[in-house]
Amino acid sequence: MVKNEELIDIMTEDLKRALKKPADKRVWAMAIDIKKCIGCHACTTACMSENLTPPHIQYRPVREEEIGTFPNITVKFLPRPCMQCENPPCVTVCPVKATYKREDGITVIDYNKCIGCRYCIVACPYGARSSDSGNYYTGKFKKETYEVEASEEYGKPWARKNHFSSPIGNARKCHFCIHRIEKGTLPRCVTTCLSNATYFGDLSDPDSQIAKAVAKVNTFKYKELLGTKPRVIYIT
Amino acid sequence: MTLLNMNLPDITDIKKTVNDIFKGKGGVVLYLSVIGILMGIYAFLRLVIEGHGAVTNTSSLVPWGVQISTYVYMVLLSTGCTFINFFGYMFYRKQYEMFGTRILFIGIFIAFAGMGALATELGRMDKMIYFLLSPQPKSPMWWMSVWYSIYVTLKLIELVNHKRGTHSDKLLWATFIVAIITYSNLGSVFGIIEQRAYYFGSLLPIYFLMLGFLTGAALATIIASAHFYKSDTEFQKHVQPFRNSLRIGLGIAMLATFWRLLAGLYAQSEGYEIFQINFMYSFFFELILSLAVPLIITYFSTCQRCMIVISLFVLATQFKTRTDLIVGGFKVPVFKAYTIPDIVSYIPSHVEMFVVIGALSAATFIYIFADKIGFFKGEEHIHG
């Protein structure tokens, strides 16, 4: 049994091992143990600060669900990042190929190409995509530094200075923090999770923590019947 | 005036019309459309200066709002004009011919105005070039741009032919077929989205064509009724194709709306609860008030004024139902986090409404102005 404090270190080693493989041999995946999730929303908040998302855009919201009737009642939490589907509906509908799957299976958005038609948002069955309409937390006249600071999404600086600068006007989504994983660091939601409920790594590596975590227990994939083949696996 | 063999209005006529408009002799509808265009310009400037997010009420939960529904409404109206033009020439040539240029003309400019409304809804209009540089043939939206370009080109060629006093049945057929492909393709933009129960299904592309025919018939009826407003004998001689088209349009739209509603009510999968949530509205407003009532009235009231009122009513209710169709797809969210309501509501902002008014007014103004300068006179002389 791996202790919680060791888990991040082990997964980081898994990640570095995976990065040595060719990109098309990696199968990046995320597993979320919903028994462990305490619904603290730390992952949501950390993601927002990592990717500097504007109001109403959360790459990883957490659904709260009440199960049963009083007094036999319990609450379950379901964090929802982008499912990084193997068969993503958002990719085929994009009229300009601004959204596509990388060799390692992560679906990304090319902010330079995206025309902001929002068809991908309509097509995503998980509601995992958002539209950056150019809103700021502090209103349209006084913008705080953190609102116009450049995020490092996709490994490039993207500053939301005005509504002519991407990613304003574009679709946005979770990308498993590829700017971090390419540097050998785990996604921010994984490192922030208080109860270590989130696993990340290369599913094709049988020695990785994620492969072990999803192999031994009950798992499900969200809306699996749609045939999208999500790469986010929930452990129950 | 003749230009490239086209019979066009004289410069003096245009100058005289412009002078008349400035002197207050343009007519109420024309001045209202000018006010509408100014409202549209104001909305466009607000969108450009302040940005989309600051002035519209669309969001990640309701990504497509009233601007998209206006686009759908207007381009379907344009398709309807193409259908009426085709069936008019095929089955009622003598009675219809004198309206051919008018219906073609309004169909083209309605399509352009609809495209304008769509452009204002795009997050990054400046990147439209990627439709050419980075095409995605798997996307129905990309095909829409292709077919739309072909459709508008064919319509323009047809209009030029009309102004040259020639008419080609081959071109008529080509435009008709391309219109079917283009706007069933538009239906497929929505119909292929399995995740949105309110859209999904093979009926939607066909449904769009039926609704297009209905709105086209209503608009053509207004044009014909207004043209013979002062001559009842002439009106009764020419009105038959338009009245028949309107009745057929209402009938097929009722049929399609009924079966779409019923299929939705029977479905049990996630998201289909939207049909039950909307049931009362869909039944009483969309089916009874918007379609059945006007259909019945057409059998009792046949005067010019009645036909104009019925057709305007059909156009107005169809605009409302089109908006409800587009926005209805987002009413039940696909993911319900604790910050997301069970039923998502959307009320357009005043800027969004001004875009709608601007687009409708632009098409109205161009048609009335063309009529006043005598753009359609040659056509009436040739065929009438």
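Residues numbered from 1 in each chain as written. Chains lettered and ligands numbered in written order. Predicted model: local features only at pLDDT ≥ 70, side-chain atom pairs only at ≥ 80, totals over all residues. Heavy atoms only, no water.

Trainee: Before we move on, could you go through the overall build of chain A and cite the residues and values that matter?
Mentor: Along its length, chain A carries eight helices and 12 strands. Since a compact globule built from 236 residues should have a radius of gyration of about 18 Å, the 18 Å found for chain A is in line with a globular shape. Intrachain contacts of chain A at a sequence separation of at least 6 include 64% that bridge at least 24 residues. Accessible area for chain A stands at about 10200 Å²; split by element, carbon and sulfur atoms hold 54% of it. (Helix = DSSP H or I, 4+ residues; strand = E, 2+ residues; numbered from the N terminus. Rg over C-alpha atoms; globule rule 2.2 N^0.38 Å. Contact = heavy atoms within 4.5 Å. Areas by Shrake-Rupley, 256 points an atom, 1.4 Å probe, with all protein chains shown as cover.)

Trainee: Account for the layout of surface pockets, with residues named and values stated.
Mentor: All names here are of chain B. In this structure, the largest pocket occupies an estimated 1000 Å³ of space. The wall of the largest pocket is formed by 29 residues, among which Val29, Ile222, Leu312, Thr364 and Ile368 lie closest to the centre. Taken together, the elements giving at least two residues each to the lining of the largest pocket come down to helix H2 (28-50), helix H4 (66-91), helix H6 (100-119), helix H10 (203-227), helix H15 (304-328) and helix H16 (350-373). Broken down by element, the lining of the largest pocket gets its largest block of residues, eight residues, from H16. Looking at side-chain class alone, the lining of the largest pocket contains 21 nonpolar, five polar and three charged residues. (1 Å grid on protein atoms, 1.4 Å probe; cavity = no way out; pocket = protein on both sides within 12 Å on 5 of 7 lines; lining within 4 Å. Points joined across faces, edges and corners; volume = space filled by probe spheres on them. Nonpolar A, V, L, I, M, F, W, Y, C, P; charged D, E, K, R; others polar.)

Trainee: Mind laying out the pattern of salt bridges, listing which residues take part and the relevant values?
Mentor: A pair can form between side chains of opposite charge whenever their charged atoms are brought close. Summed over all chains, the structure comprises 21 salt bridges over all chains. With a shortest N-O distance of 2.7 Å, arginine 160 of chain A and aspartate 132 of chain A are connected by a salt bridge. On the criterion of sequence distance, the pair formed by arginine 160 of chain A in the loop between strand E8 (158-159) and strand E9 (171-173) and aspartate 132 of chain A in the loop between strand E6 (129-131) and helix H5 (145-148) is long-range, its members being 28 residues apart. The exposure classification of arginine 160 of chain A matches that of aspartate 132 of chain A, with both residues buried. Across the pair aspartate 371 of chain B and arginine 102 of chain B runs a salt bridge, and its minimum N-O distance is 3.1 Å. Taken together, the residues span a long stretch of sequence, with aspartate 371 of chain B in helix H16 and arginine 102 of chain B in helix H6 at a distance of 269 residues. The exposure class of aspartate 371 of chain B is partly exposed, given its relative accessible area of 33%. Using a relative accessible area of 5% as the deciding quantity, one classes arginine 102 of chain B as buried. Counted as one network, the salt bridges with shared partners bring together Asp132, Glu153, Arg160 and Arg172 of chain A. (Salt bridge = Lys/Arg side-chain N within 4 Å of Asp/Glu carboxyl O. Buried < 20%, exposed > 50% of the residue type's maximum accessible area, 1.4 Å probe, protein only.)

Trainee: Pulling in residues and values, what's your account of the side chain of glutamine 318 of chain B?
Mentor: Residues and elements named next belong to chain B. Structurally, the position occupied by glutamine 318 is in helix H15. Here arginine 322 takes part through its side chain, which lies 2.6 Å from a polar atom of the side chain of glutamine 318. In this structure glutamine 318 touches Tyr73, Leu211, Leu214, Thr215, Ser290 and Leu291, once residues within four positions along its chain are discounted. (Polar contact = N/O pair within 3.5 Å; in protein donor to acceptor, adjacent residues only side chain to side chain.)

Trainee: An account of H4 of chain B is requested, with residue identities and associated values reported.
Mentor: Given 3.6 residues per turn, any residue in an α-helix points the same way as the ones three and four places further on. With 26 residues, H4 of chain B should cover 38 Å at 1.5 Å per step; its first-to-last C-alpha distance of 36 Å lies within 8% of that length. The buried fraction of H4 of chain B amounts to 23 of the 26 residues, a majority that puts the element mostly inside the structure. (Expected span 1.5 Å × (residues − 1).)

Trainee: Outline the pairing of strand E10 (residues 198-202) of chain A, listing residues and values.
Mentor: All names here are of chain A. Counting buried positions along E10 gives five out of five residues, so the element sits mostly inside the fold. Alignment of strand E1 (residues 28-33) against E10, held across five bridges, turns out to be antiparallel. Residue pairing across strands places alanine 29 opposite glycine 201, the latter belonging to E10. (Pairing = 2+ DSSP bridges.)

Trainee: Which residues make up the interface of chain A and chain B, and what are the values?
Mentor: Quoted interface sizes are often the accessible area lost when the parts come together. The interface is formed by 47 residues belonging to chain A together with 45 residues belonging to chain B. Between chain A and chain B the total buried area reaches about 3600 Å² when both faces are included, carbon and sulfur atoms providing 56% of it. It is Arg118, Tyr119 and Val122 of chain A that lose the most area in chain A upon contact with chain B, and together they represent 19% of the buried surface on that side. Our count for the chain A to chain B interface comes out at 23 residue pairs in polar contact (both at pLDDT 80 or more). (Buried area = accessible area lost by both parts, 1.4 Å probe.)

Trainee: Talk me through empty space enclosed by the protein; I want residue IDs and the actual numbers.
Mentor: Residue and element names in this part refer to chain A. Counted according to the given criterion, the structure contains seven cavities of 30 Å³ or more. By volume, the largest cavity is sized at about 100 Å³. In terms of lining, the largest cavity is formed by 15 residues, of which the most central are Cys94, Cys114, Cys117, Cys120 and Ala171. Class assignment of the residues belonging to the lining of the largest cavity gives a composition of 11 nonpolar, two polar and two charged.

Trainee: For the nonpolar core, give the residues involved together with the corresponding values.
Mentor: The biggest cluster of nonpolar side chains holds 178 residues, and the ones touching the most others in it are Tyr119 and Phe200 of chain A together with Trp64, Val72, Phe99, Leu186 and Phe190 of chain B. Sequence-distant contacts of tryptophan 64 of chain B, that is, excluding residues within four places in its chain, are made with Cys117, Arg118, Tyr119 and Val122 of chain A together with Thr58, Glu121, Met141, Val189, Phe190, Ile326, Val327 and Phe330 of chain B. (Core = buried A, V, L, I, M, F, W, Y, C linked by side-chain atoms within 4.5 Å.)

Trainee: Can you lay out the environment of proline 125 of chain A for me, pointing to particular residues and giving the numbers?
Mentor: Within the fold, proline 125 of chain A resides in the loop between helix H4 (119-123) and E6. Along the backbone, proline 125 of chain A and cysteine 85 of chain A are 40 residues apart, and their C-alpha atoms lie at a distance of 11 Å. For proline 125 of chain A, the residues in contact, after removing those within four places along its chain, are Pro89, Lys223, Leu226 and Thr228 of chain A together with Gln195 and Val334 of chain B.

Trainee: With reference to specific residues and values, describe the sheet that holds strand E11 (residues 219-220) of chain A.
Mentor: What holds strands together in a sheet is hydrogen bonding between their backbones, with the strands either parallel or antiparallel. Residues and elements named next belong to chain A. Spatially, E10-E1-E12-E11 is the arrangement adopted by the four strands of the open sheet, whose pairing is mixed. The sheet terminates laterally at E10 and E11, the two strands that pair on one side only. Relative to the sheet, helix H8 (residues 209-216) contacts E1, E10, E11 and strand E12 (232-235), its axis offset from that of E10 by approximately 120 degrees. (Axes fitted to C-alpha atoms, helices over the stretch in contact; angles between N-to-C directions.)

Trainee: Explain unusual backbone geometry residue by residue, including any values.
Mentor: Residues and elements named next belong to chain A. The peptide bond linking phenylalanine 70 to proline 71 adopts the cis configuration, its omega dihedral lying at 5 degrees. On the secondary structure map, proline 71 appears in the loop between strand E2 (62-69) and strand E3 (72-79). Notably, histidine 41 is not glycine yet its phi reads approximately 65 degrees, a positive angle. Mapped onto the fold, histidine 41 is located in the loop between E1 and helix H2 (42-51). A positive phi is found at leucine 52, a non-glycine position, where the angle reads about 50 degrees. Tracing the sequence through the fold places leucine 52 in the loop between H2 and E2.

Trainee: Tell me about the packing of H4 of chain B against H16 of chain B, residues and numbers included.
Mentor: Residue and element names in this part refer to chain B. Taken N-terminus to C-terminus, the directions of H4 and H16 make an angle of 20 degrees; their axes are 9 Å apart at the nearest point. When the axis of H4 is compared with that of H16, the two are roughly parallel. Where H4 crosses over H16, the handedness of that crossing is right-handed. Residue-level inspection shows Val66, Gln67, Thr70, Tyr73 and Met74 of H4 in contact with H16, the latter providing Glu352, Met353, Val355, Val356, Ala359, Leu360 and Ala363. (Parallel < 35°, antiparallel > 145°, perpendicular 65-115°, else oblique. Left-handed = near helix turned anticlockwise from the far one by under 90°.)

Trainee: If you had to explain the side chain of arginine 180 of chain A to someone new, which residues and values would you point to?
Mentor: Residues and elements named next belong to chain A. For arginine 180, the location among the structural elements is in helix H6 (residues 178-181). For arginine 180, a relative accessible area of 15% puts it in the buried group. Polar contacts involving the side chain of arginine 180 include one to the side chain of glutamate 50, which spans 3.3 Å. Arginine 180 has contacts with Glu50, Thr185, Leu186, Pro187, Arg188 and Thr191, leaving out every residue within four places of it along the chain.

Don't take any of this as a statement about function, it's just geometry.
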